[in-house]
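# Coordinate analysis (summary)
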Amino acid sequence: MISYQLSIFAENKPGRLAAVTRVLAKEKINIRATTISTSDTFGVIHLIVDDPARAEDALTKAGMTVSLSRVLAVVIPDQPGGLDRLTQLLLTENVNINNAYGFVLEGHRKAVFVVSVDQIEKAEALLEKNGFQTLDAEALSAIEPFHYMKY
Amino acid sequence: MYWEKEIETMDREQLERLQAVRLRETLERAKKSVHYGKRFAEMGLDIGGIRTDADVEKLPLTTKDDLRENWPYGFLACSRDELIRMHSSSGTTGRATVIFHTTRDIGAWTNLLARCMYMAGMRRSDVFQNMMTYGLFTGGLGFHYGAEKIGALVIPAGAGNSKRQIQLMRDFETTAIHIIPSYALHLSTVFTEVGVDPRRDTKLRLAFLGAEPHSEKMRRKIEDLYGFRAFNSYGLSEMNGPGMAFECPEQDGMHIWEDNYIVEIIDPMTLKPVPDGEEGELVTTTLLREGMPILRYRTMDLTRIIPGPCPCGRTHRRIERIKGRTDDMMILKGVNIFPIQIEKKLMEIPGVGTNFVIILDRADYNDSMTVKVEVQKEFFGGDLRQLEALRRRIVEELKSDILITPRVDLVEPDSLPQSEGKAKRVIDNRKD
Ligand SMILES: [Zn+2]
């Protein structure tokens, strides 16, 4: 299953994340996970939301530079070695991870890991063959995140 | 006290007669060049009708674009066999303006530099360290030849390598230097770093500050840091380079050598001459250049003639420090940079948006350039590494073109002022 991640280009200055969340709140779009990667003076805000297409639209209308990309949301048992199995698998098949972050599911002993990779179809097939569960956008929007962890 | 007393103190009337004679010779030579041959014919100009230096207004103005369009040989007034040297304007690529010199041209230019340095007080007993880039840039070889002509011991140190510069000064007891003012400020911090006091531990007594406009305050600061007297030098490669105008011991304006140049100040809008004392654009005509005479060259530099005689006794008029430019040229670490160069380079790079801003700063006596560049909306793929790669590419591409490593910041699309209209592309925060 393939899911969607929103990425927003943002200069490192106060209020950029707040501006993003304000737009989404107004549109009643729920944020499932967020992570920010930064360089010196600029960065990229990554979001998992319950309605990616509508969120992209709203943020673009608000003048932001947005990119919607396909990611894999992989369910991982919340126990030692869970994440390692995933990354080792991708490594042996030469799939590059561009970005990854995750959150633990409330009430489950499970975590969802969002991975952005360079060969998404290959990675998806690989994961399914090896028994990993991946969530689509709908399934992802239905879950309640507990807390985030950064890769 | 004078290198050539007769010429330097010649009365105005006689000087103007000399100019008129040399102007006619210049026109005869200029006519042989492709560019002026064509221009004179188009204008129906009768060279015989140019009798006094006041007639100079009838001559066509020449711009940097003319030089570029006639690149490389369209201004030559002699055969290529007679040329012995070429120089080029600094910091530009592609069709940089190229100037050619004959043996006599180099001789005349060398003499002017000797005249300037002698006027400021340099003698054959001096040890002169030339801390300018040698090569296509005129500041290196120009001063080098002039100092040798005076008979000083010349250390051709070249630019950069601050610790070695200081070592040379100490080992060979340098008394005079030629240096870019912003570098002089920077070098003083290196002196502190290595624990050498330029006032106490060196024999420095004279400095020639060139290649970069600077304020009176900055000069005083440099003099104070080093304990020497610093003299302002003006010139541009199209007019030979340094040696064109220089300060005398009065340090009140630069004598511009009117036996070698006809000097005009024009209103850059109307292109009409303004009276002495009024500010405008400096326009000069070469009077002794054989290989590549240039008439009424628009320097784009803003200044004014200081009216009245100079107490030093020289009759050649003085120009004030350069106040600015009529175009948008920037000078950074002695390198001339036009915003259009940066714009051209940026627009060739995929992923770059429409607008950019150049910010010039000075910190710890070091000048730096920051270029804020908008990212193209469509280029953004959500990946930070892609942006980092773009940023690095912009730095590399600009560095190869302007010879200075800028800091590059990527900013959001449409966050900078629009490039159309009169947007301010350059923000100069440098104070003295
Ligand atoms: Zn004087």
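Rules used in this analysis
- Residues numbered from 1 in each chain as written.
- Chains lettered and ligands numbered in written order.
- Predicted model: local features only at pLDDT ≥ 70, side-chain atom pairs only at ≥ 80, totals over all residues.
- Heavy atoms only, no water.
- Helix = DSSP H or I, 4+ residues; strand = E, 2+ residues; numbered from the N terminus.
- Rg over C-alpha atoms; globule rule 2.2 N^0.38 Å.
- Buried < 20%, exposed > 50% of the residue type's maximum accessible area, 1.4 Å probe, protein only.
- Contact = heavy atoms within 4.5 Å.
- Lys, Arg positive; Asp, Glu negative; His and termini not counted.
- Charge placed at Lys NZ, Arg CZ, Asp CG, Glu CD.
- Phe/Tyr/Trp six-rings, centres within 6.5 Å; stacked < 30°, edge-to-face > 60°.
- Lys NZ or Arg CZ within 6 Å of the ring centre and 35° of its normal.
- Expected span 1.5 Å × (residues − 1).
- Buried area = accessible area lost by both parts, 1.4 Å probe.
- Salt bridge = Lys/Arg side-chain N within 4 Å of Asp/Glu carboxyl O.
- Polar contact = N/O pair within 3.5 Å; in protein donor to acceptor, adjacent residues only side chain to side chain.

## Some thoughts on the overall build of chain B
When helices and strands are counted, chain B shows 12 helices and 21 strands. Relative to the compact-globule value of 22 Å for 432 residues, chain B shows a C-alpha radius of gyration of 23 Å, a close match. Its C-alpha atoms put chain B at 75 × 60 × 45 Å along the principal axes. Among the 432 residues that make up chain B, the fraction classed as buried is 58%. Considering only residue pairs separated by 6 or more positions, chain B has 66% of its internal contacts joining residues 24 or more positions apart. Between the centroid of the 62 positive side chains of chain B and the centroid of its 65 negative side chains there is a distance of 2 Å.

## Focus on the packing of aromatic side chains
With the rule as written, the count across this model stands at 13 aromatic pairs over all chains. With 5.9 Å between their ring centres and 45° between their planes, F9 of chain A and F380 of chain B make a pair best called tilted. Taken as a pair, F9 of chain A in strand β1 (residues 3-11) and F380 of chain B in the loop between β19 (366-375) and α12 (384-402) lie in two separate chains rather than in one. Members of the aromatic cluster, connected to one another through ring pairs, are F128, F143, F208 and F246 of chain B. It is R80 of chain B that lies over the ring of Y73 of chain B; its NZ or CZ is 3.9 Å from the centre. Its guanidinium or amino end placed over the ring of Y118 of chain B, R123 of chain B lies 3.6 Å from that ring's centre, counting from NZ or CZ.

## Some thoughts on helix α5 (residues 103-120) of chain B
All names here are of chain B. End to end, α5 covers 26 Å across 18 residues, agreeing with the expected 26 Å (1.5 Å per residue, within 8%). The buried fraction of α5 amounts to 14 of the 18 residues, a majority that puts the element mostly inside the structure. Just past α5, the residue G121 takes up positive phi, approximately 120°.

## Some remarks on the interface of chain B and chain A
Contact with chain B, which involves 18 residues of that partner, is made by 22 residues of chain A. Together chain B and chain A conceal approximately 1600 Å² of surface at their shared face, both sides included; 57% is due to carbon and sulfur atoms. By the criterion of area lost to chain A, the three top residues of chain B are F380, L384 and E412 of chain B, representing 40% of everything that side buries. Remark: the boundary between chain B and chain A carries one salt bridge. Inspection of the region where chain B meets chain A yields six residue pairs in polar contact (both at pLDDT 80 or more). Elements with a contribution of two residues or more to the side of chain B that touches chain A: α12 and β20 (407-411) of chain B.

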